[in-house]
Amino acid sequence: MNLPYSNRALVVDDFARHVSRGKADFFRQFGLDFIPGERNGCFLNDFEGKAYLNCHCNGGVFNLGHRHPKIVAALKRALETWDIGNHHLISMPRAMLGRQLAELLPGDINQTVFGVGGGEAIDLALKLAKGITGRPNIISAKGGFHGHTGLALAAGDDQYRAPFGPNPPGFSQAKFGDIAALDAAVDSKTAAVILETIPATLGIVIPPRDYLENVRRICDRSGALMVIDEVQCGLGRTGRLWAIDEYDVVPDIVVIGKGLSGGIYPISATCYRDKFDFFFRKYPFIHISTFGGSELGCFPAMAVLEESSSAAFLQHVNEMAAFFSEQFTALQEKFPQLLIEIRQKGLMMGLKFSAEKISMGVCKMLYDNGVFAIFSGNDTCVIQFLPPLIIQKPEAEFAISALTKSLEVLQGMLGGK
Ligand SMILES: Cc1ncc(COP(=O)(O)O)c(C=O)c1O
């Protein structure tokens, strides 16, 4: 690969001066200041060429690994004919992608508005819920995460919005998984309950079996819309195409992002049920996103959906998930003082350690051993373990071996306890 810089110090210098000194300092301080260079499949190389197995995957952007040949080919083909297009107009690529999504989403979810990123798509979902119901309030989960744009930020955790002044009115939070708390919070002014099916930033929390079904019941009873954020957990991550499929619930609005890009071209989607079509029929131009659903980006997204929804692909995810489950269980038995909980649905995996210093130590040692994984922002004791869904057995064994080595070293440092 022909890199535009001759040495890493020059990159760091330009980045720190012109992009973000804060980030450069942060990563240097933790010894994690690698600079992604060449990338392929499950691996990211740093500037000097050391390979890292990517178990961060940018929260699912790289579900299909880096530069998946089918996705790259879809974009190259599209470049011969299409450009960004015009969000105001009727569009062939958006019609095709919209139809494909309608065929794959549960129940009567058959309308899509395309965006560029997840936060934007969440903003639209919440706007839509307010517009449809005529109600002002939104309830989200404590510690959940929906992005850093306006309404998405307002529905998220205080730590990300505190410096930006008071939150817009009408947002409140209830503990994820606690149906009584949600029931108490929802009332006749609630426009929407918004939840990630499996909250990632909260620490890959797997909901109690009947939780989402009960959320649906509370929304039905109160007239609030059920908005499900599948930005991280969708597109095969859990071993089903949509995580919500696991819980047999049809939400009113589903938001998709990250992996829909195939890691190649940004695109997101706010998908809603047929019966809510009346809103945009009344206001067809009330929401425009200039680059949203770029016609170029529709083609890689169609290739992502085709790949991720195939039975063979999902079977592979489930087989790899079974392998990780077995290996993690063995590690927990070997290191019970360190690894205290395994959270897993398919390849959406979280490892909870006994203290923040342990999880941070594990992150650093994994990195030193060639595996890139990061702890959850809202529960730093949990390492999110999100390998590309195309991971094969030898790469999975490499990840487990790196984790085992890391835990052995940490156990030794803690006096063998
Ligand atoms: C669950 C979830 N929803 C929404 C978003 C926001 O997506 P974006 O960063 O593309 O705006 C994220 C981003 O990490 C996310 O994890």
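Look up: the structure comes first, before these words.
A. Inspection of the site of the ligand at higher detail. Near the ligand the following residues occur: Gly117, Gly118, Gly119, Phe145, His146, Gly147, Glu196, Asp229, Val231, Gln232 and Lys258. Within the contact set of the ligand, an oxygen atom lies 2.9 Å away from a side-chain nitrogen or oxygen of lysine 258. Within the complex, the protein chains bury 78% of what would otherwise be the 390 Å² of accessible surface of the ligand. Residues belonging to the shell around the ligand are distributed by class as follows: 2 nonpolar, 6 polar and 3 charged.

B. Seen up close, a nonpolar patch on the surface. Side chains of Phe26, Phe27 and Phe30 sit close together on the surface and give an oily, nonpolar patch of about 250 Å² of accessible area. Mapped onto the fold, phenylalanine 30 is located in the loop between helix H2 (21-29) and strand E1 (36-40). Under the relative-accessibility criterion, phenylalanine 30 is labelled partly exposed at 34%.

C. Molecular detail of the side chain of aspartate 157. As for its position among the elements, aspartate 157 is in the loop between helix H6 (150-154) and helix H7 (158-161). As a buried residue without a salt bridge, aspartate 157 has its nearest oppositely charged side chain in arginine 161, at a separation of 6.2 Å. Within the structure, aspartate 157 has its side chain in polar contact with the backbone nitrogen of glycine 143 (distance 2.8 Å). What aspartate 157 contacts, discounting residues up to four positions off in sequence, is Lys142, Gly143, Gly144, Gln173 and Asn378.

D. Looking closely at the nonpolar core. Counting 85 residues, the largest nonpolar core has Leu101, Ile256, Phe324 and Phe385 as the members making the most contacts within it. Broken down by element, this core gets its largest block of residues, 9 residues, from helix H12 (residues 311-334). Inspection of this core shows a minimum of three residues originating in each of domain 1 (34-67 + 311-413) and domain 2 (69-308). Val113, Leu126, Val255 and Phe276 belong to the second-largest nonpolar core, a separate cluster that totals 27 residues.

E. Up close: the sheet that holds strand E8 (residues 225-229). Strand order in the open sheet formed by 7 strands is E4-E10-E9-E8-E7-E5-E6, with mixed pairing between adjacent strands. Single-partner strands in this sheet number two, and they are strand E4 (109-115) and strand E6 (171-174). With strand direction ignored, the average angle separating the axes of adjacent strands in the sheet is 20°. Here E4 pairs with strand E10 (residues 268-273) via 6 bridges, running antiparallel. Bridge pairing in E10 links valine 113 to threonine 270. Its contacts with the sheet place helix H4 (residues 92-104) against E4, strand E9 (253-256) and E10, and it is angled at close to 135° to E4.

Scoring rules and cut-offs
Residues numbered from 1 in each chain as written. Predicted model: local features only at pLDDT ≥ 70, side-chain atom pairs only at ≥ 80, totals over all residues. Heavy atoms only, no water. Near = heavy atom within 4 Å. Polar contact = N/O pair within 3.5 Å; in protein donor to acceptor, adjacent residues only side chain to side chain. Areas by Shrake-Rupley, 256 points an atom, 1.4 Å probe, with all protein chains shown as cover. Nonpolar A, V, L, I, M, F, W, Y, C, P; charged D, E, K, R; others polar. Patch = residues over 30% accessible without salt bridge, like charges linked within 9 Å, V, L, I, M, F, W, Y side chains within 5 Å. Salt bridge = Lys/Arg side-chain N within 4 Å of Asp/Glu carboxyl O. Helix = DSSP H or I, 4+ residues; strand = E, 2+ residues; numbered from the N terminus. Buried < 20%, exposed > 50% of the residue type's maximum accessible area, 1.4 Å probe, protein only. Lys, Arg positive; Asp, Glu negative; His and termini not counted. Contact = heavy atoms within 4.5 Å. Core = buried A, V, L, I, M, F, W, Y, C linked by side-chain atoms within 4.5 Å. Domains from an automatic or database assignment. Pairing = 2+ DSSP bridges. Axes fitted to C-alpha atoms, helices over the stretch in contact; angles between N-to-C directions.

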